[in-house]
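What the coordinates show
These are the residues of each chain, in order.
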Amino acid sequence: WLEGVRAYDAQEWTRAADAWLMIRDSGLESPQLYCNIGDAYFKQKDIARAILYYERALKLDPSFADAAFNLGYAGEFVQDKIEKVPEFFLKTWIREVGHSLSSDTWTVLFFLLLASGLAMLLVFLLSAASKTRKVGFYSALSLVVLALLCLSLAGVQRSEYGRDDEAVVMAAVSSVKSSPGDASTKDLFILHEGTKVRVLDKVGDWSNIELSDGRQGWIHAS
């Protein structure tokens, strides 16, 4: 009976994944859609594709908490445990602040702060009292600076969305080689499905990849 229930659940998740993929193939996308596809693959124990779609959900909206949580959980099932190279704390802090909200939200905040800044500028220009003019000037300056900061954070997210240099290993086991080509090339290390890499270059059917710990090598693009 338990085996029957598991088979039924797997079939249901397969049908759900097929339905969501049809929506994606129609040209529509959203963080929620990609997260649902990732959940369906995870229930089918296809960890690599689950991670792929959680990553795609976060690419659309880095602040999407459900996808971030599910990605972290799915990552526990990846065989390769790779430690990231430490980065400058200020860079980490800026990225975390930028990813705390979606690019659309940062854009809305930009317009709101800019409008408020222009209103305070009118207070500075039209007020007769020196104290009010001073408050209006410094408020306008602060609000415009904050507006530009929000715009820059939205722009960073948009640029990240347009990048195509990240990938997830789909093959169960892949050899990373010292140079492109199967013959007379040295195996540097092995990667397993679900591992995220950065693509640095492509030569024919081979991709030069880099891991989060700084190791590099060549892997077949397929």
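These numbers come from a predicted model, not from an experiment. (Residues numbered from 1 in each chain as written. Predicted model: local features only at pLDDT ≥ 70, side-chain atom pairs only at ≥ 80, totals over all residues. Heavy atoms only, no water.)

A few words on the overall build of the chain. Counting secondary structure elements, the chain contains seven helices and six strands. Starting at the N terminus and walking to the C terminus, you meet the elements of the chain as α-α-α-α-α-α-α-β-β-β-β-β-β. Counting only C-alpha atoms and orienting by the principal axes, one finds that the chain spans roughly 80 × 50 × 30 Å. Nonlocal contacts in the chain, meaning residues at least 24 apart in sequence, comprise 51% of its contacts between residues at least 6 apart. Carbon and sulfur atoms make up 61% of the accessible area of the chain, which amounts to about 14,000 Å² in all. (Helix = DSSP H or I, 4+ residues; strand = E, 2+ residues; numbered from the N terminus. Contact = heavy atoms within 4.5 Å. Areas by Shrake-Rupley, 256 points an atom, 1.4 Å probe, with all protein chains shown as cover.)

Looking now at the environment of V176. Following the sequence through the fold, V176 ends up in strand 2 (residues 173–177). Non-local contacts of V176, meaning those with residues more than four positions away in its chain, are made with K186, D187, L188, F189, L191, I209, G217 and W218.

Another point: the pairing of strand 5 (residues 206–210). With four of five residues buried, strand 5 lies mostly within the body of the structure. Of the strand pairs in this sheet, strand 4 (residues 196–203) and strand 5 are connected by five bridges, and their pairing is antiparallel. Note that in strand 5 the partner of V203 across the bridge is W206. Linking strand 4 to strand 5, which pair antiparallel, is a turn of two residues; within it G204 sits at a positive phi near 60 degrees. In this structure, the hairpin formed by strand 5 and strand 6 (residues 216–220) is closed by a connection of five residues, where G214 is found at a positive phi of approximately 100 degrees. (Buried < 20%, exposed > 50% of the residue type's maximum accessible area, 1.4 Å probe, protein only. Pairing = 2+ DSSP bridges.)

The terminal C-alpha atoms of helix 3 (residues 47–60) lie 20 Å apart, and with 14 residues this matches the ideal 20 Å at 1.5 Å per residue to within 8%. Most of helix 3 sits out of view: 10 of its 14 residues are buried. For helix 3, the complete set of buried residues consists of I47, A48, A50, I51, L52, Y53, Y54, E55, A57 and L58. (Expected span 1.5 Å × (residues − 1).)

Our focus in this paragraph is the side chain of D165. With respect to the secondary-structure elements, D165 resides in the loop between helix 7 (130–162) and strand 1 (166–168). D165 gets classed as buried once you look at its relative accessible area, which sits at 18%. Here R163 takes part through its side chain, which lies 2.8 Å from a polar atom of the side chain of D165. For D165, the residues in contact, after removing those within four places along its chain, are V197, R198 and V199. (Polar contact = N/O pair within 3.5 Å; in protein donor to acceptor, adjacent residues only side chain to side chain.)

Bringing the pattern of salt bridges into the picture now. This model, assessed by the stated rule, comprises nine salt bridges. Note that K196 is salt-bridged to E55, the shortest N-O span being 3.2 Å. A residue pair is termed long-range when its members are at least 10 positions apart, and K196 in strand 4 and E55 in helix 3 qualify at 141 residues. For K196, a relative accessible area of 35% puts it in the partly exposed group. The residue D165 makes a salt bridge to R198 at a minimum N-O spacing of 2.8 Å. Taken together, the positions of D165 in the loop between helix 7 and strand 1 and R198 in strand 4 put the pair 33 residues apart, joining distant regions of the chain. Judged by relative accessible area, which is 27%, R198 ranks as partly exposed. Connected through shared salt-bridge partners, E55, R163, D165, E166, K196 and R198 make up one network. (Salt bridge = Lys/Arg side-chain N within 4 Å of Asp/Glu carboxyl O.)

Take a probe with the size of a water molecule and roll it over the atoms, and the empty space left behind shows itself. Here the second largest pocket is characterised by a volume of approximately 370 Å³. In terms of lining residues, the second largest pocket is bounded by 19 residues, among which V168, I219, H220, A221 and S222 are the most central. Its residues assigned to classes, the lining of the second largest pocket shows 11 nonpolar, five polar and three charged. (1 Å grid on protein atoms, 1.4 Å probe; cavity = no way out; pocket = protein on both sides within 12 Å on 5 of 7 lines; lining within 4 Å. Points joined across faces, edges and corners; volume = space filled by probe spheres on them. Nonpolar A, V, L, I, M, F, W, Y, C, P; charged D, E, K, R; others polar.)

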